[in-house]
Amino acid sequence: MRAAAVIKTIVDVILPPVCALCGNDVRRDRLCRGCEALLESMAIQPPFCRVCGIPFVSGSSTPHTCALCCIGTPPFIAARSAFVYDACALDAIHAFKYNGRVALARALGAFAAQASPCLCDGRPNVVMPVPLHKARLKERGFNQSLLIAREISRLQKTPLDYANLRRIRPTDQQVRLSAKERPKNVKGAFALERPDMVRGKAVLLVDDVYTTGATIRECAAALNRAGAKVFAVTLARAVKL
Ligand SMILES: [Zn+2]
Ligand SMILES: [Zn+2]
């Protein structure tokens, strides 16, 4: 047995592996079966908008474009989310983001990787998280979107770039603002350090929650200006059911 395996066995005996969400004992998985099933029950199912990914609660099951995306084409090609932002999915994301349960990144990242939009010509060239401003990063201690992006990058074997896209000024937390105030709050807040690095590339942008889409749109617009094709994935999507 290799030294690393011996150490892991000793650690598992002293600190038995537990579900990253509820704390129940688990064997191999990072989530217990119960928590996994609960999260799976929150997965976004078709039909949804083929551009922004918002699920349609009624009407035709044929893939189509939602009214908002018809009125104004978003600066991304497609956005998708793993869960509806409600119930246990909301609890899991809050535990991960606000209570520092970073061990959830692996399980949640796997769901996000699975939900990632399909590119007709293969994988994206690079995975990029929505950046935090350095002041917010200092306060929280980690960027939740980077932890998810890292997991997607590992699972999809796609390079991760967390340094190029920067938040160049502090912004208010979107969660505290109305839908009308959000685009203004993030307007001009993102820039690329090396725009040449993304020219002609397919970028998978990663964030935790898509509410009005203002943050994703602003990041995507910056990437578009640099000549990138943008796809986006978030853990959850706020949907009024
Ligand atoms: Zn559990
Ligand atoms: Zn749409």
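Residues numbered from 1 in each chain as written. Chains lettered and ligands numbered in written order. Predicted model: local features only at pLDDT ≥ 70, side-chain atom pairs only at ≥ 80, totals over all residues. Heavy atoms only, no water.

Enquirer: Can you tell me about the coordination of the zinc ion (ligand 1), naming the residues and giving the values?
Expert: Of the protein atoms, only C19 (SG), C22 (SG), C32 (SG) and C35 (SG) coordinate the zinc ion (ligand 1), at distances of 2.2 to 2.4 Å. Taken together, the four donor atoms coordinating the zinc ion (ligand 1) span angles of 105 to 117° at the metal, a pattern that classifies the geometry as tetrahedral. For the zinc ion (ligand 1), the donor residues sit on a single chain with the sequence spacing C-x2-C-x9-C-x2-C. Highlighted residues: C22 in the loop between α1 (3-14) and α2 (33-40) and C32 in the loop between α1 and α2, separated in sequence by 10 residues. (Donors = N, O, S within 2.8 Å, 3.2 Å for Na, K, Ca; no water. Tetrahedral: all angles 85-135°; square planar, octahedral: opposite > 155°, others 65-115°. Helix = DSSP H or I, 4+ residues; strand = E, 2+ residues; numbered from the N terminus.)

Enquirer: Tell me about the coordination of the zinc ion (ligand 2), and please be specific about residues and values.
Expert: Any two of four tetrahedral donors ideally make an angle of 109.5 degrees at the metal, while pairs among six octahedral donors ideally make 90 or 180 degrees. Protein coordination at the zinc ion (ligand 2) comes from C49 (SG), C52 (SG), C66 (SG) and C69 (SG), with a distance range of 2.3 to 2.4 Å. The site at the zinc ion (ligand 2) holds four donor atoms, and with the angles between them running 104 to 114°, its shape is tetrahedral. Here the donor residues for the zinc ion (ligand 2) map to a single chain with the spacing C-x2-C-x13-C-x2-C. Within this pair, whereas C52 is found in the loop between α2 and α3 (67-71), its partner C66 is found in the loop between α2 and α3, the two being separated by 14 residues in sequence. According to the relative accessible area criterion, C66 is buried, its value standing at 9%. (Buried < 20%, exposed > 50% of the residue type's maximum accessible area, 1.4 Å probe, protein only.)

Enquirer: Tell me what's going on with the environment of R237, and back it up with residues and numbers.
Expert: By the secondary structure assignment, R237 is in strand β6 (residues 229-237). Given a relative accessible area of 5%, R237 falls into the buried group. On a C-alpha basis, the gap between R237 and A43 in space is 10.0 Å, while along the polypeptide they are 194 residues apart. Excluding residues that lie within four positions of it along the chain, R237 makes contacts with I44, C52, G53, I54, P55, S81, F83, V84, Y85 and Y210. (Contact = heavy atoms within 4.5 Å.)

Enquirer: If you had to explain the packing of aromatic side chains to someone new, which residues and values would you point to?
Expert: Throughout the structure, instances matching the rule amount to three aromatic pairs. On the numbers, 6.5 Å between centres and 80° between planes, the contact of F76 with Y210 is edge-to-face. Of the two residues, F76 is situated in the loop between α3 and β1 (78-84) and Y210 in strand β5 (residues 202-210); the sequence distance between them amounts to 134 residues. Each member of the pair F76 and Y210 is classed as buried. (Phe/Tyr/Trp six-rings, centres within 6.5 Å; stacked < 30°, edge-to-face > 60°.)

Enquirer: Report on the nonpolar core, specifying residues and quantitative values.
Expert: In this structure, L31, L39, F83, L108 and I152 are the most contacted members of the largest nonpolar core, which totals 44 residues. Looking at this core, the elements that each hand over two or more residues are α2, β1, α4 (87-97), α5 (104-115), α7 (144-156), β5 and β6. Per-element accounting of this core gives the leading share, eight residues, to α5. Per-domain counts for this core show at least three residues from each of domain 1 (1-41) and domain 2 (42-237). Not counting the four nearest positions on each side in its chain, L108 is found in contact with L39, F83, A92, F96, I148 and L235. V126, L192, A220 and A226 belong to the second-largest nonpolar core, a separate cluster that totals 29 residues. (Core = buried A, V, L, I, M, F, W, Y, C linked by side-chain atoms within 4.5 Å. Domains from an automatic or database assignment.)

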